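Report on the structure
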Amino acid sequence: MKMILPLLLSAALLCACNEKPKSNAHWGTPEHIATEFFHALYNEKDLEKAKSLSTDEFAALLDSYVTPRQVGRTLMNMSYDTVTIEVNRSGQNLRQQYDDNADITLVFSGERDGKKVDNLRTVSMVKKSGKWLVTEVQADPFSSTATY
């Protein structure tokens, strides 16, 4: 009987925890913040969280699209039913960072209408008051349809 109570309590605590997004970047790095930004848009569908990870100027741009779906579909030119977001580790230079600026390349792998969709985006970051923020998402250099 004494063993059952701690076991039940442990199980309840584990079930109550929210699952954090899995990221292949260290917490607090520009790579992690960039991954969190897109996780908020595509998986959590939380525009407010995405805006909190952005500069004021970029947050205002995001706000003009009203919903996370519109941001993803129109501004980012990417739509997914499910998506995994990872830092591009295929190249030798994982990020270009100069003082308080960084460019992070992310790989998006997911599904849309039952079809596999892969994309690549470079995120420009700036460090303000000790916090990394998204300032721009650059168009996919390999896509002929990305026009933002």
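Everything in this summary refers to the structure shown in the same document. (Residues numbered from 1 in each chain as written. Predicted model: local features only at pLDDT ≥ 70, side-chain atom pairs only at ≥ 80, totals over all residues. Heavy atoms only, no water.)

Attention now goes to unusual backbone geometry. Most peptide bonds take the trans configuration, and most residues that are not glycine carry a negative phi. In the Ramachandran plot, Asn 77 falls in the positive-phi region, its phi being about 60° despite a non-glycine side chain. Given the relative accessible area of 29%, Asn 77 is considered partly exposed. Notably, Ser 129 is not glycine yet its phi reads approximately 55°, a positive angle. Relative to the helices and strands, Ser 129 is located in the loop between strand S4 (115–128) and strand S5 (131–138). (Buried < 20%, exposed > 50% of the residue type's maximum accessible area, 1.4 Å probe, protein only. Helix = DSSP H or I, 4+ residues; strand = E, 2+ residues; numbered from the N terminus.)

Turning our attention to the packing of aromatic side chains. Two descriptors summarise a pair of aromatic rings, namely the distance from one centre to the other and the angle between the planes of the rings. Inspection of every chain in the model, using the stated rule, returns seven aromatic pairs. Judged by centre distance (5.0 Å) and plane angle (90°), the ring pair of Phe 37 and Phe 38 falls under edge-to-face. As far as the burial class goes, Phe 37 and Phe 38 line up, both buried. Ring centres of Tyr 42 and Tyr 80 lie 5.6 Å apart, and the angle between their planes is 85°; this geometry places the pair in the edge-to-face category. One end of the pair, Tyr 42, is in helix H2 (residues 30–42); the other, Tyr 80, is in the loop between helix H5 (68–75) and strand S1 (82–87), and 38 residues separate them in sequence. For the pair shown, Tyr 42 and Tyr 80 are each scored as buried. (Phe/Tyr/Trp six-rings, centres within 6.5 Å; stacked < 30°, edge-to-face > 60°.)

A few words now on the environment of Arg 112. Topologically, Arg 112 is positioned in strand S3 (residues 101–112). Distance in space between the C-alpha atoms of Arg 112 and Tyr 80 is 4.8 Å, their sequence separation being 32 residues. Apart from the residues within four sequence positions on either side, Arg 112 is in contact with Arg 69, Ser 79, Tyr 80, Asp 81 and Val 117. Here Asp 81 takes part through its side chain, which lies 3.0 Å from a polar atom of the side chain of Arg 112. (Contact = heavy atoms within 4.5 Å. Polar contact = N/O pair within 3.5 Å; in protein donor to acceptor, adjacent residues only side chain to side chain.)

Moving on to the nonpolar core. Grouped together as the largest cluster of nonpolar side chains are 29 residues, with contacts concentrated most on Phe 37, Phe 38, Leu 41, Met 76, Leu 106 and Met 125. Of all the elements in the fold, those that place two or more residues in this core are H2, helix H3 (47–52), helix H4 (56–63), H5, S1, S3, S4 and S5. A per-element tally of this core places H2 first, with seven residues. Those residues in contact with Phe 38 that sit more than four places away from it in its chain are Asn 43, Met 76, Met 78, Ile 85, Leu 106, Phe 108, Val 123 and Val 137. (Core = buried A, V, L, I, M, F, W, Y, C linked by side-chain atoms within 4.5 Å.)

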